[in-house]
Amino acid sequence: MIASCLCYLLLPAARLFRALSDAFFTCRKNVLLAKSSSSQVEGDFAMAPRGPDQEECEGLLQQWREEGSSQVLSTVSDGPLVDKGLAESSLALLMDNPGEQDAVPEDKWSSRQLSDLRAAENLEEPFPEVLGEEELLPEVEGPMWAAVPVQTGPQYTDCAVLPMGALATEQWDEDPAMVAWSIAPERVPQEEAAVWPFEGLGQLQPPPVEIPYHEILWREWEDFSTQPDVQGLEAGDGPQFQFTLMSYNILAQDLMQQSSELYLHCHPDILNWNYRFANLMQEFQHWDPDILCLQEVQEDHYWEQLEPSLRMMGFTCFYKRRTGCKTDGCAVCYKPTRFRLLCASPVEYFRPGLELLNRDNVGLVLLLQPLVPEGLGQVSVAPLCVANTHVLYNPRRGDVKLAQMAILLAEVDKVARLSDGSHCPIVLCGDLNSVPDSPLYNFIRDGELQYHGMPAWKVSGQEDFSHQLYQRKLQAPLWPSSLGITDCCQYVTSCHPTSSERRKYSRDFLLRFRFCSIACQRPVGLVLLEGVTDTKPERPAGWAESVIEEDTSESEPDVPRTVGTIQHCLHLTSVYTHFLPQHGRPEVTTMPLGLGTTVDYIFFSAESCESGNRTDRRLYQDGTLKLLGRLSLLSEEILWAANGLPNPFCSSDHLCLLASFGMEVTAP
């Protein structure tokens, strides 16, 4: 062995350098190995050619590994194109041969040879002597090889695979190391993703079906069906007609484009109407409400897309566009399999000639008859009145908001009034552009508001303008009598009996007033004419001198006008408490300019209950309409984490409101 070592040391330097260059550059041109430390190479793979100088290369590699080189091999991804082609076609691996007994001791290698080897490994381009600059190696054709983990004995912990050119037809059973390798299966093309059915989506794609939007935004369903009310009765006692109702401001595209500064945080693709329409339909299909109340519904989008799509989902739709030149409005949709329409009443707040009511907002009131399944027998359910509106936004004009709400409540009072003077169950929802506990909110919930002298901006509570010198203040009466609505938010005609109900007087009864005392008195300011107005009529004998007393019990009532106070008698309360006890934060339904607030509501018929605990989720006493559940709202922090509103999952600047109700089913 000593003689062999001396022989190698006496080789000419040029011959040794050429041998090493041939070995490693030929290997470098045919393989691709991931970067790996010397410790990793111990159990993985090393690279070397199979040729006459194999022993030299193996010994040199062993010496290099023992010295603790940090990098043994490097990838050739930055090399010429031929390197990449060859690397993808074959994989040659070098390992220590445990059966080799004639290995040269590592300490006999010169430091110069080791440094030359390190320098050669780090070169980006081959030497001209080894490979010409213009010479390209042909790409090796053949199947790729991949490692298959096989548990073998310690003698096979490392294995080597040669390039597969001419050896592909040889018998593999003779070499146990070859058993640990097999041909890599052909790549199966991945299944193409479903094509989104709308154009103009750009880079963003709709959320995957496996992760619905409602799970990303963490909205939970709060079930009250088994929670007792203030009287200790469970909401599910007795047969009920159950239904769900959704209220949703879907953001009209025209209004969004007119106020584009509010949506600078959004990627333009998610503001595209086709993208937003698909997301909105996904929400409708997921929650599947029985009644759908929409605000900011653009007219052309409604007739061309929304109404046909909702009709295919089983809805019957009614739409009311805003007056004037506005292009959006309100819609109420219901499933005819659950309800039968009794009447539909559109409401316009615009009144010509009245400065207080010169805005183009509208509302829509429907009276629906629930359809009871035939299996329940001869039972009946009271009609349901559903009102939907979008009140004026302007924070400074609280007087306009109150007048608009008075008109809507008067219409609801007329539609929902029963023959006995009571009201059927009512659900009033929409975008009221007022915050919780504001005077307008308290008026709807409590049924009374003293407004005289109140600053107009304070009615909705949206913004604080107390620092301004000039503030519009509300004066009584809030609206003129010509509007035909009383301060109790009822139409004047509903306060008076109809002409058929008036008392009919006979001729004899009326003649009894010919010579009453009042008729015989000279009117004040009557011009005195001789022979005409200077005498008094003579009372015939037998006529009574006193005036016949009126029957005040049947007199026509006067139009009630209170001083600085408006009222209503519909007994409404909110589905939501506007506070998240688990987060200690207020609920949010919209985020204009990144500031979360609540302006969307669902009110329903129930008696409010006084409670000082704001965490109590049931601040009312159930009547004929019971709240069975609701879709939880979110806090401002959670919406910030989702990049505000709109976002890729919620395509409106408002959150949808969803509630489940139960109505009492009674026997006839």
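Up top you'll find the structure we're talking about.
Residues numbered from 1 in each chain as written. Predicted model: local features only at pLDDT ≥ 70, side-chain atom pairs only at ≥ 80, totals over all residues. Heavy atoms only, no water.

> I'd like a description of the overall build of the protein chain, backed by residues and values.
When helices and strands are counted, the protein chain shows 16 helices and 21 strands. Within the protein chain, counting contacts between residues at least 6 apart in sequence, those at least 24 apart form 76% of the total. As presented, the protein chain carries roughly 35,900 Å² of accessible surface, and 53% of it is formed by carbon and sulfur atoms. (Helix = DSSP H or I, 4+ residues; strand = E, 2+ residues; numbered from the N terminus. Contact = heavy atoms within 4.5 Å. Areas by Shrake-Rupley, 256 points an atom, 1.4 Å probe, with all protein chains shown as cover.)

> Can you lay out the packing of aromatic side chains for me, pointing to particular residues and giving the numbers?
A ring pair, where both rings are aromatic, is described by two values, the distance of the centres and the angle of the planes. Here the structure, examined in full by the defined rule, presents 14 aromatic pairs. Ring geometry for Tyr302 against Tyr319: centres 4.5 Å apart, planes inclined by 15 degrees, an arrangement best described as stacked. In this pair, Tyr302 sits in helix α11 (residues 299–312) while Tyr319 sits in strand β6 (residues 316–321), placing the two residues 17 residues apart along the sequence. When sorted by exposure, Tyr302 lands in the same class as Tyr319, which is buried. Grouped by ring-pair contacts, the aromatic residues Phe241, Phe243, Phe339, Phe604 and Phe661 constitute a single cluster. (Phe/Tyr/Trp six-rings, centres within 6.5 Å; stacked < 30°, edge-to-face > 60°. Buried < 20%, exposed > 50% of the residue type's maximum accessible area, 1.4 Å probe, protein only.)

> For helix α12 (residues 398–416), give the residues involved together with the corresponding values.
An α-helical segment advances 3.6 residues per turn. Residues three or four places apart therefore align on the same side. For α12, built from 19 residues, the straight-helix expectation of 27 Å at 1.5 Å per residue is met to within 8% by its first-to-last C-alpha distance of 26 Å. The element α12 is extensively covered by neighbouring structure, given that 18 of its 19 residues are classed as buried. (Expected span 1.5 Å × (residues − 1).)

> Could you give me a rundown of the pairing of strand β20 (residues 625–631), with the residues and numbers involved?
For β20, a buried count of seven out of seven residues is recorded, marking the element as mostly surrounded by other parts of the structure. Sheet topology places strand β3 (residues 221–223) next to β20; three bridges connect them, and they run antiparallel. Paired with Glu222 across the two strands is Arg630, which belongs to β20. In this sheet, strand β21 (residues 657–664) lies alongside β20 in antiparallel orientation, the contact comprising five bridges. Along β21, the bridge assignment pairs Arg630 with Ala659. (Pairing = 2+ DSSP bridges.)

> So what about the sheet that holds strand β5 (residues 291–298)? Which residues, and what values?
To summarise the sheet geometry, strands pair through backbone hydrogen bonds and adopt either a parallel or an antiparallel arrangement. The seven strands lie next to each other as β3-β20-β21-β4-β5-β7-β6, forming an open sheet whose pairing is mixed. Of all strands in the sheet, those bounded by a partner on one side alone are β3 and β6. Each adjacent strand pair in this sheet contributes to an overall mean axis angle of 20 degrees, direction not counted. Sheet topology places strand β4 (residues 240–249) next to β21; eight bridges connect them, and they run antiparallel. Bridged to Phe243 within β21 is Phe661. Across the sheet, helix α10 (residues 273–287) touches β4, β5, β20 and β21, and the angle it forms with β4 is around 165 degrees. (Axes fitted to C-alpha atoms, helices over the stretch in contact; angles between N-to-C directions.)

> Could you give an account of the layout of surface pockets, naming the residues involved and the relevant values?
Here the largest pocket is characterised by a volume of approximately 880 Å³. Among the elements that take part in the lining of the largest pocket, helix α9 (residues 253–258) stands out by supplying three residues, more than any other. Classifying every residue of the lining of the largest pocket by side-chain character gives 15 nonpolar, 13 polar and nine charged. (1 Å grid on protein atoms, 1.4 Å probe; cavity = no way out; pocket = protein on both sides within 12 Å on 5 of 7 lines; lining within 4 Å. Points joined across faces, edges and corners; volume = space filled by probe spheres on them. Nonpolar A, V, L, I, M, F, W, Y, C, P; charged D, E, K, R; others polar.)

> For a nonpolar patch on the surface, give the residues involved together with the corresponding values.
A contiguous nonpolar surface patch, about 290 Å² in accessible area, is contributed by Val527, Leu529 and Val532. Note that Val527 resides in the loop between α15 (507–511) and β13 (565–567). (Patch = residues over 30% accessible without salt bridge, like charges linked within 9 Å, V, L, I, M, F, W, Y side chains within 5 Å. Salt bridge = Lys/Arg side-chain N within 4 Å of Asp/Glu carboxyl O.)

> Pulling in residues and values, what's your account of the sheet that holds strand β11 (residues 426–431)?
Pairing is mixed in the open sheet, where six strands are placed in the order β8-β9-β10-β11-β17-β14. Every other strand in the sheet has two partners, leaving β8 (339–348) and β14 (572–574) as the edge strands with one partner each. Taking each pair of neighbouring strands and ignoring which way they run, the sheet shows an average axis angle of 20 degrees. By the bridge criterion, five bridges tie β11 to strand β17 (residues 600–605) in an arrangement that is antiparallel. Bridged to Val427 within β17 is Phe604. Here helix α13 (residues 439–446) sits on the sheet in contact with β14 and β17, set at roughly 125 degrees to β14.

> Got a sec to walk through unusual backbone geometry? Specific residues and values, please.
Omega for the bond connecting Ala476 with Pro477 falls within 30 degrees of zero, at -5 degrees, which places this linkage in the cis form. Relative to the elements of secondary structure, Pro477 occurs in the loop between β12 (448–450) and α14 (492–495). Located in the positive-phi region is Leu593, a residue other than glycine, with phi close to 55 degrees. Inspection of the secondary structure assignment puts Leu593 in the loop between β16 (585–586) and β17. The exposure class of Leu593 is exposed, given its relative accessible area of 64%. Here the phi dihedral of Asn643 falls at roughly 70 degrees; this positive angle occurs in a residue that is not glycine. Secondary-structure assignment places Asn643 in the loop between α16 (636–641) and β21.

> Any chance you could break down the side chain of Ser632 for me, citing the residues and the numbers?
With respect to the secondary-structure elements, Ser632 resides in the loop between β20 and α16. Residues contacting Ser632, with those up to four places away along its chain left out, are Arg219, Glu220 and Glu222.

> Now, about the state of the cysteines: what can you tell me, with residues and values included?
Note on terminology: a disulfide is the covalent bond linking the sulfur atoms of two cysteines. Across all of its chains, the model carries zero disulfides by this definition. Here Cys317 is not disulfide-linked; the sulfur of Cys333 is the nearest cysteine sulfur, at 3.1 Å. (Disulfide = S-S within 2.5 Å.)

> So what's going on with the packing of α10 against α11? Residues and values would help.
One way to put it is that α10 packs onto α11 with a least axis distance of 11 Å and a crossing angle of 30 degrees. Classified by the interaxial angle, the pair formed by α10 and α11 is roughly parallel. Every pair of crossing elements has a handedness; the one defined by α10 and α11 is right-handed. Residues Trp273, Asn274, Phe277, Met281 and Phe284 of α10 pack against His301, Gln305, Leu306, Ser309 and Leu310 of α11. (Parallel < 35°, antiparallel > 145°, perpendicular 65-115°, else oblique. Left-handed = near helix turned anticlockwise from the far one by under 90°.)

> Tell me about the pattern of salt bridges, residues and numbers included.
Taken as a whole and assessed by the stated rule, the structure comprises 14 salt bridges. The salt bridge partner of Arg630 is Glu222, with a shortest N-O separation of 2.7 Å. Note that Arg630 is positioned in strand β20 and Glu222 in strand β3, a separation of 408 residues in sequence. Both residues of the pair, Arg630 and Glu222, belong to the buried class. When the shortest N-O distance is used, the salt bridge between Arg322 and Asp328 registers 2.9 Å. For Asp328, a relative accessible area of 2% gives the class buried.

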